[in-house]
Amino acid sequence: MVCPGRSLVKTILVLIVSVLGTSLAQAAPIVIKFSHVVAPNTPKGIAALEFKRLAEMRTKGRVRVDIYPNASLYKDKDELEALQLGAVQMLAPSLAKFGQLGLKDYEVFDLPYIFPSEKVLHEVTQGEIGHALLDQLSSRGILGLAFWDNGFKVMSSNSPLRLPSDLKNKRMRIQPSRTLEAQMNELGAISVPLAFSDVYPALQSGLVDGTENPPSNFYTQRMQEVQKYVAVTNHGYLGYAVIVNKKFWTSLPGDLRVILEQCIADATQKNNDEAAKLNKAALDAIRKSPGVQVVDLTPQERETWRKALAPVQVKMEGRIDRNLIEQIKSLSENR
Ligand code: LMR
């Protein structure tokens, strides 16, 4: 005998389960996976953590940001592919890595001595030039939301290093940028493009003799343990574009997007306030490290580096938009 009461109870149970399921699904946070290749206590690492803190607090848990530092999820090139495929939603690759996407103008940031000061650099990244560069990303399925600083680079080697000629025939690790390759060519060095996470082992095994990076990256990867000389050349800049998967970002509820964009603006401010301090502290710590000698240059020696690297700009005019180089130079001259 069929009992009508039982089927009613079953229907009610199904309804309860489905209502509960829907509300649980609604309560599940939107997850932003943010992958990067440096240590958490670097300018980028700290800004990423600040973004996470602000985003989770201001969206009251509707968004969760999972950060994967130190290339724990993806290495350099893989992370760009993962972003385009939607396997991660957010990255902040260094500007030297965008040439691989065919966005050659990004290599303007790699030109030696292009920025006479942090002030001019910020006029570029926070002004019209910066906006135009971020807009170029859209055609790659990516949205560019901000520029984050790291800082100016030091050069390092396992043999005495003071002048450009000291790098002749040395095997130097570079980021995958044609402009950085041209820079090393100009010094008579051999460029070895490697992912960031491969640099320490490559220096340790002698696969490469030297490298370049801002002190914060150098120190947090313990490169001072496997390099003997660090010359404070400040010859070039390393910074980042904060990027998101375009499809993911534009499909977010509008109110969330507004909140998240403000969180990025605030994390950018924190990054730009802290980056120079972190690099100074890292350079001081490298100075105190055993087994490594930090070489400070005289004004004449600095001029020798500048002259040695001057031809790079002219050689790269076929690759990087000449007008862009001129615009940056005229900003510098008006200082
Ligand atoms: C490098 O590869 O040297 C840097 O781009 C790493 C980073 O993200 O700062």
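Residues numbered from 1 in each chain as written. Predicted model: local features only at pLDDT ≥ 70, side-chain atom pairs only at ≥ 80, totals over all residues. Heavy atoms only, no water.

Draft legend 1. How the structure looks around helix α2 (residues 43-58). Over its 16 residues, α2 runs 22 Å from end to end, which matches the ideal 22 Å to within 8%, given 1.5 Å per residue. Just downstream of α2 lies lysine 60, where phi reads positive at about 50 degrees. (Helix = DSSP H or I, 4+ residues; strand = E, 2+ residues; numbered from the N terminus. Expected span 1.5 Å × (residues − 1).)

Draft legend 2. Quick peek at the site of the ligand. The full set of residues close to the ligand is Val37, Val38, Lys44, Ser94, Lys97, Arg173, Gln175, Phe196, Asn213, Asn217, Leu238 and Tyr240. Here lysine 97 contributes a side-chain N or O atom positioned 2.7 Å from an oxygen atom of the ligand. Contact between the ligand and asparagine 217: an oxygen atom at 2.8 Å from a side-chain N or O atom of the residue. Compared with its free state, where it exposes 270 Å², the ligand has 100% of that area covered by protein. Of the residues that constitute the shell around the ligand, the class distribution is five nonpolar, four polar and three charged. (Near = heavy atom within 4 Å. Polar contact = N/O pair within 3.5 Å; in protein donor to acceptor, adjacent residues only side chain to side chain. Areas by Shrake-Rupley, 256 points an atom, 1.4 Å probe, with all protein chains shown as cover. Nonpolar A, V, L, I, M, F, W, Y, C, P; charged D, E, K, R; others polar.)

Draft legend 3. Representation of the sheet that holds strand β4 (residues 142-152) in the model. Spatially, the five strands line up as an open sheet ordered β2-β1-β3-β10-β4, and their pairing is mixed. Since the sheet does not close on itself, it has two edges, and those belong to β2 (63-68) and β4, each with one partner. Of the strands in this sheet, β1 (30-35), β3 (90-91), β4 and β10 (237-245) are in contact with helix α3 (residues 76-85), which crosses β10 at around 25 degrees. Contacts from helix α5 (residues 128-135) reach β4 and β10, with the element oriented near 130 degrees to β4. (Pairing = 2+ DSSP bridges. Contact = heavy atoms within 4.5 Å. Axes fitted to C-alpha atoms, helices over the stretch in contact; angles between N-to-C directions.)

Draft legend 4. Region of the structure containing the nonpolar core. Ranked by internal contacts, the top residues of the largest apolar core, which has 51 residues, are Phe98, Tyr106, Phe109, Phe115, Ile243 and Trp305. Once residues lying within four places of it in the same chain are set aside, the contact partners of phenylalanine 98 are Pro93, Leu103, Tyr106, Leu137, Ala241 and Ile243. (Core = buried A, V, L, I, M, F, W, Y, C linked by side-chain atoms within 4.5 Å. Buried < 20%, exposed > 50% of the residue type's maximum accessible area, 1.4 Å probe, protein only.)

Draft legend 5. Summary view of the pattern of salt bridges. Tallying each qualifying case throughout the model produces 18 salt bridges. One salt bridge connects arginine 319 with glutamate 107, and the closest N-O pair in it is separated by 2.9 Å. In this pair, arginine 319 is assigned in the loop between α11 (299-315) and α12 (322-333) and glutamate 107 in the loop between β3 and α4 (118-125), connecting sequence segments 212 residues apart. Owing to a relative accessible area of 1%, glutamate 107 belongs among the buried residues under this scheme. (Salt bridge = Lys/Arg side-chain N within 4 Å of Asp/Glu carboxyl O.)

Coordinates in, geometry out; function isn't part of it.
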